[in-house]
Amino acid sequence: RAQEDAPAEEEWTPPELKYQTGRIVLPNKIATLELSDQYRYLDPTETEKLLVAWGNPPGSEFQGAVVPANLSPFDDGGWAVLVDYIDEGHVDDKDAAEIDYDEMLADMKDDTRAGSKEREKAGYGTVELIGWAQPPRYDAATRKLYWAKELRFDGAAPNTLNYDVRVLGREGVLSLNAVAGMPQVDMVQQDMQGLLAMASFNAGHRYEEYNADTDRTAAYGIGALVAGGLAAKAGLFAKLGALLIAFKKFIIIGVVALGGFLVNLFRRRKTADSQPT
């Protein structure tokens, strides 16, 4: 009888999102997306709505997101590319050919296990870094760094794909992170190549325009971009964990190897940058 009287579970309705198409100048005016009719753009406000609807806390502060035009981001096969800009100086790429990515992967697995314990304490499921879905590769001609991670989040099936691309600029890095399920790896890899061709730095912000006498230089190189290292004026540059995105509910979790737990890695970074030196 009690079961009969129980209220029916309320059906969840996704929010309406306002999409943009065509030529998109990012809010920071540093880069432009020339989108084909295969993609749609969500500005930072609409991206926030999407991430909150996916189960994330507010305050993401991305430059926006790009989603396929033929799929709703709320469909089972829906996916998205989160767009951001890492404003921490010019990244020197001279160490790109010398990095041992197998050794780096072992360190990243250790960091992820440590961060997973912090996730549990905060009420989130565990996460395991399975390995490279695509080993890191740097294209020196285009200044683009590619890699993909396979992740296993507690209770989520299939495993999660985080496909990352970083495009080096004059005083910062354009970050594109695609999140999907592992069965979509071939599709995402193909689509990301097409999307990257549509993304470019605006004049005055390109890598080759760097001036060593006047421009800022990052405190790290190519390897730290893969491992997740981010410089901070507060002196926290060491092994800050990578941004991990879960396919189930698309929960964004930042895992800090220093032992702390934070939900929004980019907000912490911007807060640190705003402190007086």
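Anything mentioned here points back to the structure above.
So, on to the sheet that holds strand β10 (residues 199-201). Strands sit in the order β1-β2-β10 across an open sheet of three strands; the sheet is antiparallel. Here the strands that pair on one side only, and so sit at the sheet edges, are β1 (23-25) and β10. Across the sheet, the axes of successive neighbouring strands diverge by a mean angle of 20°, strand direction being ignored. Sheet analysis places β1 next to strand β2 (residues 31-34), joined by three bridges and oriented antiparallel. Residue pairing in the sheet places Val-25 in a bridge with Thr-32 of β2.

Glancing now at the packing of aromatic side chains. In total, this model carries one aromatic pair according to the counting rule given. Consider the rings of Tyr-85 and Phe-201, whose centres lie 6.5 Å apart with planes at 70°: the pair is edge-to-face. Here Phe-201 lies in strand β10 and Tyr-85 lies in strand β5 (residues 80-86), a separation of 116 residues in the sequence. Accessibility classification places Tyr-85 together with Phe-201 in one group, the buried group. Lying over the aromatic face of Tyr-19, Arg-40 brings its terminal NZ or CZ to 3.7 Å of the ring centre.

Mapped onto the fold, Thr-32 is located in strand β2. Within the structure, the side chain of Thr-32 is placed 2.6 Å from the side chain of Asn-202, a separation counted as a polar contact. For Thr-32, the residues in contact, after removing those within four places along its chain, are Arg-23, Ile-24, Val-25, Met-198, Ala-199, Ser-200 and Asn-202.

Strand pairing in a sheet relies on backbone hydrogen bonds. The paired strands run either parallel or antiparallel. One open sheet accounts for seven strands, arranged β3-β4-β5-β9-β8-β7-β6; its pairing is antiparallel. The open sheet has two free edges, formed respectively by β3 (39-42) and β6 (127-139), since each of these has just one partner strand. Pairwise comparison of adjacent strand axes, ignoring direction, gives a mean angle of 20° for this sheet. Alignment of strand β4 (residues 64-68) against β5, held across three bridges, turns out to be antiparallel. Among the inter-strand pairings, Gly-64 is bridged to a residue of β5, identified as Val-83. Running over the sheet, helix α2 (residues 44-53) touches β3, β4 and β5 and is turned about 95° from β3. The strands touched by helix α4 (residues 185-196) are β3, β4, β5, β6, β7 (144-153), β8 (160-168) and β9 (173-181); relative to β8, the strand with the most contacts, the crossing angle is about 20°.

Let's shift gears to the nonpolar core. Membership of the largest hydrophobic core comes to 32 residues, with the highest contact counts inside it found for Leu-35, Val-66, Tyr-163, Leu-174, Leu-176, Met-192 and Leu-195. A per-element tally of this core places α4 first, with five residues. Apart from the residues lying within four places of it in its own chain, the contact partners of Leu-195 are Leu-35, Tyr-39, Val-66, Val-81 and Leu-176. In terms of nonpolar packing, the next biggest core, distinct from the first, is built from 25 residues, Leu-168, Val-173, Tyr-207 and Ala-224 among them.

A few words on the environment of Pro-14. Looking at the element boundaries, Pro-14 is found in the loop between α1 (2-5) and β1. Under the relative-accessibility criterion, Pro-14 is labelled partly exposed at 33%. For the pair formed by Pro-14 and Trp-54, sequence separation is 40 residues and the distance between their alpha carbons is 9.1 Å.

Looking now at helix α3 (residues 101-121). Look at α3: 30 Å from first C-alpha to last across 21 residues, which is about the 30 Å you get at 1.5 Å a residue. Of all the positions in α3, only Tyr-101, Met-104, Leu-105, Met-108, Thr-112, Gly-115, Ser-116, Glu-118 and Arg-119 are classed as buried. Across the axial projection of α3, the buried residues extend over an arc of 155°, all falling on one side. Projecting away from the buried face of α3 at angles above 90 degrees are the exposed residues Glu-103, Lys-117 and Lys-121. The opening residue of α3 is Asp-100, an N-cap whose side-chain oxygen sits 3.1 Å from the backbone nitrogen of Asp-102. Positive backbone phi, approximately 95°, marks Gly-123, located one or two places after α3.

The backbone of Lys-29 sits at a positive phi, close to 65°, despite the residue not being glycine. Here Lys-29 lies in the loop between β1 and β2. You will see that Arg-143, though not glycine, has its phi angle at about 60°, which is positive. Mapping Arg-143 onto the fold places it in the loop between β6 and β7.

Rules and cut-offs
Residues numbered from 1 in each chain as written. Predicted model: local features only at pLDDT ≥ 70, side-chain atom pairs only at ≥ 80, totals over all residues. Heavy atoms only, no water. Pairing = 2+ DSSP bridges. Helix = DSSP H or I, 4+ residues; strand = E, 2+ residues; numbered from the N terminus. Axes fitted to C-alpha atoms, helices over the stretch in contact; angles between N-to-C directions. Phe/Tyr/Trp six-rings, centres within 6.5 Å; stacked < 30°, edge-to-face > 60°. Buried < 20%, exposed > 50% of the residue type's maximum accessible area, 1.4 Å probe, protein only. Lys NZ or Arg CZ within 6 Å of the ring centre and 35° of its normal. Polar contact = N/O pair within 3.5 Å; in protein donor to acceptor, adjacent residues only side chain to side chain. Contact = heavy atoms within 4.5 Å. Core = buried A, V, L, I, M, F, W, Y, C linked by side-chain atoms within 4.5 Å. Expected span 1.5 Å × (residues − 1). Arc of directions from axis to C-beta.

Geometric descriptors of this kind do not, in isolation, establish any biological role.
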